[in-house]
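Per-entry structural report
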Amino acid sequence: MNVRLLTWCAPAVALIALTASPAPAAAQIAATPPMGWNSWNHFHRNISDQIVRAQADAMVSSGMRDAGYVYVNIDDTWQGDRDAQGIIHPNSKFPDMKALADYVHSKGLKLGIYSSPGAKTCAGYEGSLGHEQQDADTYAQWGIDYLKYDLCGLRTQLQAAPSPEAAHQMMVDAYTKMRDALKKAGRPIVYSLCQYGNDAVWRWGTDVGGNLWRTTGDINDHYNRMEEIGFSQAGLARFAGPGHWNDPDMLEVGNGGMNADEYRTHMSLWVILAAPLLAGNDLSTMTPETIAMLTNRDVIAIDQDRLGRQGDRVYAEGPIEVWAKPLADGSKAIGIFNRHPRPMAETVDFGRLGFHGTVHARDVWDAKDLTISGSQTFTIPGHGVVLLRVK
Ligand code: GLA
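A brief report on the enclosed structure follows.

Parameters at a glance
- Residues numbered from 1 in each chain as written.
- Predicted model: local features only at pLDDT ≥ 70, side-chain atom pairs only at ≥ 80, totals over all residues.
- Heavy atoms only, no water.
- Helix = DSSP H or I, 4+ residues; strand = E, 2+ residues; numbered from the N terminus.
- Buried < 20%, exposed > 50% of the residue type's maximum accessible area, 1.4 Å probe, protein only.
- Contact = heavy atoms within 4.5 Å.
- Areas by Shrake-Rupley, 256 points an atom, 1.4 Å probe, with all protein chains shown as cover.
- Lys, Arg positive; Asp, Glu negative; His and termini not counted.
- Charge placed at Lys NZ, Arg CZ, Asp CG, Glu CD.
- Near = heavy atom within 4 Å.
- Polar contact = N/O pair within 3.5 Å; in protein donor to acceptor, adjacent residues only side chain to side chain.
- 1 Å grid on protein atoms, 1.4 Å probe; cavity = no way out; pocket = protein on both sides within 12 Å on 5 of 7 lines; lining within 4 Å.
- Sits in = over half its atoms within 2 Å of the grid points.
- Nonpolar A, V, L, I, M, F, W, Y, C, P; charged D, E, K, R; others polar.

**Observations concerning the overall build of the protein chain**
If you tally the helices and strands in the protein chain, you get 12 helices and 18 strands. The C-alpha extent of the protein chain, read off along each of the three principal axes, is 70 × 50 × 35 Å. Evaluated residue by residue, the protein chain yields a buried proportion of 56% over its 391 residues. Considering only contacts in the protein chain between residues 6 or more positions apart, those separated by 24 or more positions represent 71%. Per element, the accessible surface of the protein chain, about 15100 Å² overall, is 51% carbon and sulfur. Computing the positive centroid from 35 side-chain charges and the negative centroid from 43, the protein chain places the two 3 Å apart.

Structure follows, in C-alpha coordinates:
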(Lines give C-alpha, C1' and ligand atoms only; values in the text may rest on other atoms or scores of the structure.)
Protein backbone atom coordinates (compact mmCIF):
# COMPACT_ATOMS: atom_id res chain seq x y z
CA MET A 1 0.00 0.00 0.00
CA ASN A 2 1.43 3.35 -0.98
CA VAL A 3 0.68 5.55 2.01
CA ARG A 4 1.87 8.67 0.23
CA LEU A 5 -1.17 8.50 -2.02
CA LEU A 6 -3.29 9.55 0.92
CA THR A 7 -1.04 11.94 2.80
CA TRP A 8 -2.74 14.97 1.27
CA CYS A 9 -5.58 14.25 3.67
CA ALA A 10 -3.36 15.43 6.53
CA PRO A 11 -4.66 19.05 6.71
CA ALA A 12 -7.99 17.65 7.84
CA VAL A 13 -6.35 16.66 11.13
CA ALA A 14 -6.85 20.08 12.72
CA LEU A 15 -10.53 20.02 11.81
CA ILE A 16 -10.94 16.53 13.22
CA ALA A 17 -9.20 17.47 16.46
CA LEU A 18 -11.92 20.03 17.14
CA THR A 19 -14.76 17.61 16.57
CA ALA A 20 -13.39 14.42 18.21
CA SER A 21 -15.39 13.06 21.13
CA PRO A 22 -14.61 10.40 23.75
CA ALA A 23 -14.98 6.68 23.13
CA PRO A 24 -18.51 5.34 22.74
CA ALA A 25 -19.68 1.72 23.22
CA ALA A 26 -17.98 -1.36 21.72
CA ALA A 27 -15.76 -1.55 24.81
CA GLN A 28 -17.21 -4.93 25.71
CA ILE A 29 -15.12 -6.60 23.03
CA ALA A 30 -11.36 -6.22 22.78
CA ALA A 31 -11.17 -5.27 26.45
CA THR A 32 -7.48 -6.11 26.11
CA PRO A 33 -5.54 -5.90 22.81
CA PRO A 34 -6.69 -8.71 20.48
CA MET A 35 -4.33 -11.69 20.24
CA GLY A 36 -4.22 -14.24 17.46
CA TRP A 37 -2.78 -14.88 14.02
CA ASN A 38 -3.26 -13.37 10.56
CA SER A 39 -2.44 -14.96 7.21
CA TRP A 40 -0.95 -11.98 5.35
CA ASN A 41 2.63 -11.53 6.58
CA HIS A 42 3.66 -15.09 5.81
CA PHE A 43 1.19 -16.53 3.31
CA HIS A 44 0.13 -13.41 1.40
CA ARG A 45 -2.16 -14.65 -1.39
CA ASN A 46 -1.39 -18.32 -0.84
CA ILE A 47 -4.06 -19.18 1.69
CA SER A 48 -6.71 -21.86 1.79
CA ASP A 49 -9.14 -23.58 4.10
CA GLN A 50 -6.52 -26.27 4.69
CA ILE A 51 -3.84 -23.78 5.71
CA VAL A 52 -6.19 -21.93 8.05
CA ARG A 53 -7.19 -25.21 9.74
CA ALA A 54 -3.52 -26.12 10.12
CA GLN A 55 -2.85 -22.75 11.77
CA ALA A 56 -5.75 -23.29 14.19
CA ASP A 57 -4.40 -26.76 15.01
CA ALA A 58 -0.92 -25.36 15.60
CA MET A 59 -2.23 -22.51 17.72
CA VAL A 60 -3.54 -25.15 20.09
CA SER A 61 -0.69 -27.69 19.94
CA SER A 62 2.04 -25.05 20.33
CA GLY A 63 0.46 -23.70 23.52
CA MET A 64 -0.36 -20.35 21.91
CA ARG A 65 -4.07 -20.68 22.64
CA ASP A 66 -3.36 -21.31 26.29
CA ALA A 67 -1.05 -18.29 26.30
CA GLY A 68 -3.96 -16.09 25.15
CA TYR A 69 -3.98 -16.19 21.34
CA VAL A 70 -7.57 -16.51 20.10
CA TYR A 71 -8.23 -15.02 16.67
CA VAL A 72 -7.41 -16.95 13.50
CA ASN A 73 -7.67 -14.22 10.88
CA ILE A 74 -7.99 -14.75 7.15
CA ASP A 75 -6.63 -11.72 5.32
CA ASP A 76 -7.11 -10.73 1.66
CA THR A 77 -7.74 -13.23 -1.21
CA TRP A 78 -10.44 -15.49 0.28
CA GLN A 79 -13.18 -13.82 -1.79
CA GLY A 80 -15.01 -15.30 -4.74
CA ASP A 81 -17.92 -13.85 -6.71
CA ARG A 82 -21.26 -12.40 -5.70
CA ASP A 83 -24.36 -14.30 -6.74
CA ALA A 84 -27.43 -12.82 -8.47
CA GLN A 85 -28.69 -11.53 -5.11
CA GLY A 86 -25.36 -9.87 -4.41
CA ILE A 87 -24.33 -12.32 -1.69
CA ILE A 88 -20.56 -12.81 -1.48
CA HIS A 89 -19.17 -16.34 -1.77
CA PRO A 90 -15.65 -17.48 -0.95
CA ASN A 91 -13.44 -18.66 -3.80
CA SER A 92 -12.64 -22.33 -4.46
CA LYS A 93 -9.82 -22.35 -1.88
CA PHE A 94 -12.47 -21.90 0.82
CA PRO A 95 -15.21 -24.40 0.00
CA ASP A 96 -17.34 -23.78 3.09
CA MET A 97 -16.68 -20.77 5.30
CA LYS A 98 -19.28 -21.76 7.89
CA ALA A 99 -17.73 -25.20 8.24
CA LEU A 100 -14.33 -23.54 8.67
CA ALA A 101 -15.71 -21.24 11.37
CA ASP A 102 -17.28 -24.25 13.12
CA TYR A 103 -13.92 -26.02 13.03
CA VAL A 104 -12.04 -23.02 14.43
CA HIS A 105 -14.68 -22.54 17.12
CA SER A 106 -14.49 -26.22 18.07
CA LYS A 107 -10.86 -25.57 19.05
CA GLY A 108 -11.86 -22.77 21.41
CA LEU A 109 -10.67 -20.16 18.89
CA LYS A 110 -12.35 -17.41 16.87
CA LEU A 111 -12.33 -16.70 13.13
CA GLY A 112 -11.55 -13.38 11.47
CA ILE A 113 -12.04 -12.17 7.93
CA TYR A 114 -11.02 -9.26 5.71
CA SER A 115 -12.76 -6.82 3.37
CA SER A 116 -12.60 -3.28 2.02
CA PRO A 117 -15.03 -0.35 1.94
CA GLY A 118 -14.08 -0.04 -1.73
CA ALA A 119 -15.26 -2.07 -4.71
CA LYS A 120 -12.00 -4.02 -4.67
CA THR A 121 -9.49 -4.97 -1.97
CA CYS A 122 -5.77 -4.16 -2.06
CA ALA A 123 -5.14 -7.49 -3.81
CA GLY A 124 -7.92 -6.77 -6.33
CA TYR A 125 -10.55 -9.09 -4.84
CA GLU A 126 -14.21 -8.28 -4.21
CA GLY A 127 -14.75 -5.47 -1.66
CA SER A 128 -17.90 -4.52 0.23
CA LEU A 129 -18.88 -1.24 -1.49
CA GLY A 130 -22.67 -1.18 -1.87
CA HIS A 131 -22.99 -4.56 -0.12
CA GLU A 132 -22.07 -3.60 3.43
CA GLN A 133 -25.18 -4.95 5.17
CA GLN A 134 -25.26 -8.11 3.05
CA ASP A 135 -21.62 -8.78 3.88
CA ALA A 136 -22.03 -8.10 7.59
CA ASP A 137 -25.03 -10.45 7.63
CA THR A 138 -23.10 -13.09 5.72
CA TYR A 139 -20.15 -12.84 8.15
CA ALA A 140 -22.50 -13.15 11.12
CA GLN A 141 -24.18 -16.15 9.53
CA TRP A 142 -20.83 -17.86 8.92
CA GLY A 143 -19.79 -17.21 12.53
CA ILE A 144 -17.10 -14.61 11.91
CA ASP A 145 -15.72 -12.89 15.01
CA TYR A 146 -13.33 -10.25 13.63
CA LEU A 147 -13.31 -8.03 10.56
CA LYS A 148 -10.29 -6.19 9.19
CA TYR A 149 -11.67 -3.46 6.94
CA ASP A 150 -8.96 -2.17 4.63
CA LEU A 151 -9.40 1.22 2.96
CA CYS A 152 -7.40 0.38 -0.17
CA GLY A 153 -10.22 0.04 -2.69
CA LEU A 154 -11.68 3.44 -1.84
CA ARG A 155 -8.50 5.31 -2.83
CA THR A 156 -9.71 6.39 -6.27
CA GLN A 157 -12.87 7.95 -4.86
CA LEU A 158 -10.90 9.68 -2.10
CA GLN A 159 -8.47 11.14 -4.59
CA ALA A 160 -11.35 12.47 -6.67
CA ALA A 161 -12.92 14.22 -3.65
CA PRO A 162 -13.15 18.02 -3.98
CA SER A 163 -11.20 18.70 -0.76
CA PRO A 164 -9.27 16.93 2.00
CA GLU A 165 -12.27 17.52 4.28
CA ALA A 166 -14.62 15.85 1.80
CA ALA A 167 -12.22 12.92 1.42
CA HIS A 168 -12.01 12.60 5.17
CA GLN A 169 -15.80 12.60 5.48
CA MET A 170 -16.07 9.95 2.77
CA MET A 171 -13.71 7.71 4.71
CA VAL A 172 -15.50 8.31 8.01
CA ASP A 173 -18.85 7.55 6.35
CA ALA A 174 -17.50 4.32 4.86
CA TYR A 175 -16.22 3.07 8.20
CA THR A 176 -19.40 4.18 9.99
CA LYS A 177 -21.52 2.33 7.45
CA MET A 178 -19.81 -0.98 8.18
CA ARG A 179 -19.92 -0.32 11.93
CA ASP A 180 -23.69 0.08 11.70
CA ALA A 181 -24.02 -2.97 9.45
CA LEU A 182 -22.06 -5.13 11.89
CA LYS A 183 -24.19 -3.87 14.75
CA LYS A 184 -27.37 -4.69 12.84
CA ALA A 185 -26.03 -8.14 11.95
CA GLY A 186 -26.23 -8.83 15.66
CA ARG A 187 -23.01 -10.79 16.28
CA PRO A 188 -20.14 -9.39 18.36
CA ILE A 189 -17.42 -8.81 15.75
CA VAL A 190 -14.13 -7.07 16.54
CA TYR A 191 -13.88 -4.16 14.11
CA SER A 192 -10.34 -3.52 12.88
CA LEU A 193 -9.79 -0.36 10.84
CA CYS A 194 -6.99 -0.53 8.32
CA GLN A 195 -6.30 2.83 6.68
CA TYR A 196 -2.62 3.17 7.58
CA GLY A 197 -3.03 5.96 10.16
CA ASN A 198 -4.27 8.57 7.71
CA ASP A 199 -6.03 11.68 9.05
CA ALA A 200 -4.78 10.80 12.56
CA VAL A 201 -7.26 7.93 12.86
CA TRP A 202 -6.44 7.60 16.58
CA ARG A 203 -8.48 10.80 17.12
CA TRP A 204 -11.68 9.44 15.56
CA GLY A 205 -11.30 5.65 15.31
CA THR A 206 -13.53 5.03 18.32
CA ASP A 207 -16.23 7.33 16.91
CA VAL A 208 -16.64 5.06 13.88
CA GLY A 209 -16.74 1.96 16.11
CA GLY A 210 -13.14 0.81 15.70
CA ASN A 211 -11.81 -1.60 18.30
CA LEU A 212 -8.38 -1.10 16.80
CA TRP A 213 -6.92 0.92 13.97
CA ARG A 214 -3.69 0.64 12.05
CA THR A 215 -1.47 3.62 12.82
CA THR A 216 1.04 3.08 9.99
CA GLY A 217 1.65 1.59 6.57
CA ASP A 218 2.57 -2.07 6.24
CA ILE A 219 5.23 -3.75 8.33
CA ASN A 220 7.67 -6.18 6.73
CA ASP A 221 10.14 -8.72 8.05
CA HIS A 222 13.14 -6.37 8.25
CA TYR A 223 14.51 -4.71 11.38
CA ASN A 224 14.58 -1.25 9.77
CA ARG A 225 10.89 -1.26 8.91
CA MET A 226 9.86 -2.79 12.24
CA GLU A 227 11.85 -0.21 14.26
CA GLU A 228 10.63 2.65 12.07
CA ILE A 229 7.04 1.67 12.84
CA GLY A 230 7.52 0.72 16.49
CA PHE A 231 9.48 3.73 17.67
CA SER A 232 7.24 6.12 15.70
CA GLN A 233 4.38 5.33 18.09
CA ALA A 234 5.62 7.77 20.75
CA GLY A 235 2.86 10.15 21.79
CA LEU A 236 -0.11 7.98 20.81
CA ALA A 237 -0.64 6.38 24.23
CA ARG A 238 -3.54 8.56 25.29
CA PHE A 239 -5.68 7.40 22.37
CA ALA A 240 -5.64 3.72 23.38
CA GLY A 241 -7.61 1.92 26.06
CA PRO A 242 -9.93 -1.02 26.65
CA GLY A 243 -12.01 -1.62 23.51
CA HIS A 244 -10.00 0.74 21.32
CA TRP A 245 -6.34 0.16 20.49
CA ASN A 246 -3.62 1.62 18.32
CA ASP A 247 -2.41 -1.06 15.91
CA PRO A 248 1.18 -0.73 14.64
CA ASP A 249 0.54 -3.79 12.40
CA MET A 250 1.00 -7.52 12.82
CA LEU A 251 3.97 -9.43 14.16
CA GLU A 252 6.79 -10.78 12.00
CA VAL A 253 8.29 -12.92 14.78
CA GLY A 254 9.36 -16.28 13.33
CA ASN A 255 9.36 -15.25 9.68
CA GLY A 256 13.16 -15.32 9.53
CA GLY A 257 14.14 -11.79 8.46
CA MET A 258 15.36 -10.60 11.88
CA ASN A 259 17.69 -12.13 14.46
CA ALA A 260 16.58 -13.19 17.93
CA ASP A 261 17.53 -9.85 19.55
CA GLU A 262 15.60 -7.95 16.88
CA TYR A 263 12.52 -10.12 17.31
CA ARG A 264 12.75 -9.58 21.08
CA THR A 265 12.78 -5.85 20.39
CA HIS A 266 9.72 -6.31 18.14
CA MET A 267 7.77 -8.24 20.82
CA SER A 268 8.93 -5.92 23.62
CA LEU A 269 7.93 -2.75 21.81
CA TRP A 270 4.57 -4.18 20.81
CA VAL A 271 3.69 -5.24 24.38
CA ILE A 272 4.76 -1.86 25.79
CA LEU A 273 2.54 -0.27 23.14
CA ALA A 274 -0.40 -2.46 24.24
CA ALA A 275 -0.53 -3.43 20.58
CA PRO A 276 -2.66 -6.24 19.20
CA LEU A 277 -0.49 -9.38 19.12
CA LEU A 278 -1.34 -11.01 15.80
CA ALA A 279 1.35 -13.51 14.91
CA GLY A 280 2.19 -13.36 11.21
CA ASN A 281 4.30 -16.49 10.79
CA ASP A 282 3.52 -20.08 9.82
CA LEU A 283 2.43 -21.56 13.15
CA SER A 284 2.66 -25.10 11.79
CA THR A 285 6.45 -24.95 11.30
CA MET A 286 7.64 -22.90 14.30
CA THR A 287 10.99 -23.52 15.98
CA PRO A 288 10.99 -23.98 19.77
CA GLU A 289 12.66 -20.52 20.01
CA THR A 290 9.80 -18.86 18.12
CA ILE A 291 7.21 -20.64 20.26
CA ALA A 292 9.05 -19.55 23.42
CA MET A 293 9.15 -15.96 22.23
CA LEU A 294 5.49 -15.81 21.24
CA THR A 295 4.25 -17.54 24.38
CA ASN A 296 6.41 -15.92 27.08
CA ARG A 297 3.77 -15.42 29.79
CA ASP A 298 5.51 -12.48 31.52
CA VAL A 299 5.85 -10.64 28.22
CA ILE A 300 2.23 -11.28 27.22
CA ALA A 301 1.05 -10.14 30.68
CA ILE A 302 2.49 -6.69 29.96
CA ASP A 303 0.47 -6.42 26.75
CA GLN A 304 -2.72 -7.83 28.23
CA ASP A 305 -2.56 -5.90 31.51
CA ARG A 306 -6.11 -5.06 32.56
CA LEU A 307 -5.34 -1.39 33.18
CA GLY A 308 -5.18 -1.09 29.40
CA ARG A 309 -2.69 1.77 29.31
CA GLN A 310 -0.40 2.03 26.31
CA GLY A 311 3.24 2.79 27.18
CA ASP A 312 5.33 5.64 25.86
CA ARG A 313 8.89 6.83 25.49
CA VAL A 314 10.39 8.30 28.68
CA TYR A 315 13.60 9.44 27.05
CA ALA A 316 15.94 8.85 24.16
CA GLU A 317 19.67 9.33 24.36
CA GLY A 318 21.15 8.75 20.94
CA PRO A 319 20.40 5.15 20.01
CA ILE A 320 19.21 4.26 23.54
CA GLU A 321 15.49 4.63 24.18
CA VAL A 322 13.72 3.96 27.46
CA TRP A 323 9.99 3.29 27.33
CA ALA A 324 7.56 2.65 30.19
CA LYS A 325 4.06 1.20 30.49
CA PRO A 326 2.03 1.54 33.72
CA LEU A 327 0.45 -1.71 34.92
CA ALA A 328 -2.61 -2.47 37.04
CA ASP A 329 -0.67 -3.68 40.10
CA GLY A 330 1.21 -0.38 40.35
CA SER A 331 4.35 -1.72 38.72
CA LYS A 332 5.73 -0.58 35.39
CA ALA A 333 7.09 -2.38 32.38
CA ILE A 334 10.35 -0.73 31.37
CA GLY A 335 11.97 -1.37 27.99
CA ILE A 336 15.58 -0.27 27.53
CA PHE A 337 16.18 -0.42 23.78
CA ASN A 338 19.45 -0.16 21.87
CA ARG A 339 18.85 0.93 18.27
CA HIS A 340 22.56 0.78 17.50
CA PRO A 341 23.72 -2.37 15.68
CA ARG A 342 26.48 -2.99 18.29
CA PRO A 343 26.06 -3.73 22.01
CA MET A 344 25.96 -0.69 24.29
CA ALA A 345 26.13 -0.20 28.05
CA GLU A 346 23.49 2.08 29.54
CA THR A 347 23.24 3.22 33.13
CA VAL A 348 19.59 3.72 33.96
CA ASP A 349 18.67 6.09 36.77
CA PHE A 350 15.48 4.57 38.16
CA GLY A 351 14.63 7.86 39.88
CA ARG A 352 14.14 9.30 36.41
CA LEU A 353 11.57 6.53 35.80
CA GLY A 354 9.63 7.43 38.96
CA PHE A 355 11.15 4.84 41.34
CA HIS A 356 12.78 5.79 44.63
CA GLY A 357 14.77 3.67 47.07
CA THR A 358 15.28 -0.02 46.42
CA VAL A 359 13.21 -1.51 43.61
CA HIS A 360 12.57 -5.09 42.60
CA ALA A 361 12.70 -5.84 38.91
CA ARG A 362 12.03 -8.93 36.87
CA ASP A 363 14.03 -9.26 33.67
CA VAL A 364 11.25 -10.96 31.74
CA TRP A 365 13.26 -12.30 28.79
CA ASP A 366 16.14 -13.61 30.87
CA ALA A 367 13.79 -14.73 33.69
CA LYS A 368 15.98 -13.16 36.36
CA ASP A 369 15.05 -11.16 39.47
CA LEU A 370 17.07 -8.01 40.19
CA THR A 371 17.26 -5.71 43.20
CA ILE A 372 18.20 -2.19 42.18
CA SER A 373 19.10 0.81 44.34
CA GLY A 374 19.22 4.09 42.47
CA SER A 375 20.77 3.17 39.17
CA GLN A 376 21.89 0.10 37.30
CA THR A 377 24.05 -0.49 34.27
CA PHE A 378 22.77 -2.82 31.58
CA THR A 379 24.59 -4.11 28.53
CA ILE A 380 22.09 -4.22 25.71
CA PRO A 381 22.76 -6.23 22.56
CA GLY A 382 22.83 -4.43 19.22
CA HIS A 383 19.23 -3.84 18.04
CA GLY A 384 18.23 -5.49 21.33
CA VAL A 385 16.35 -4.75 24.51
CA VAL A 386 16.24 -5.36 28.24
CA LEU A 387 12.60 -5.69 29.26
CA LEU A 388 11.82 -5.30 32.97
CA ARG A 389 8.77 -5.39 35.18
CA VAL A 390 9.61 -3.03 38.03
CA LYS A 391 7.94 -2.56 41.40
C1 GLA B 1 -2.90 -3.85 2.84
C2 GLA B 1 -2.87 -4.08 4.35
C3 GLA B 1 -2.14 -5.39 4.65
C4 GLA B 1 -2.85 -6.53 3.95
C5 GLA B 1 -2.94 -6.26 2.46
C6 GLA B 1 -3.81 -7.29 1.74
O7 GLA B 1 -1.63 -3.64 2.33
O8 GLA B 1 -2.26 -3.01 5.00
O9 GLA B 1 -2.08 -5.63 6.05
O10 GLA B 1 -4.13 -6.69 4.50
O11 GLA B 1 -3.52 -4.98 2.20
O12 GLA B 1 -3.99 -7.02 0.41
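**Concerning the site of the ligand**
Around the ligand sit 14 residues, and of these D75, D76, K148, D150 and D218 come closest. Between the ligand and K148, the relevant distance is 2.8 Å, taken from an oxygen atom to a side-chain nitrogen or oxygen of the residue. One of the side-chain nitrogen or oxygen atoms of D218 is found 2.5 Å away from an oxygen atom of the ligand. A total of 300 Å² of accessible area belongs to the ligand in isolation, and the protein chains cover 96% of it. With respect to the pocket detection grid, the ligand is positioned in the second largest pocket. Of the residues that constitute the shell around the ligand, the class distribution is 8 nonpolar, no polar and 6 charged.

So, to be careful, I would describe these as geometric facts and stop short of saying anything about function.
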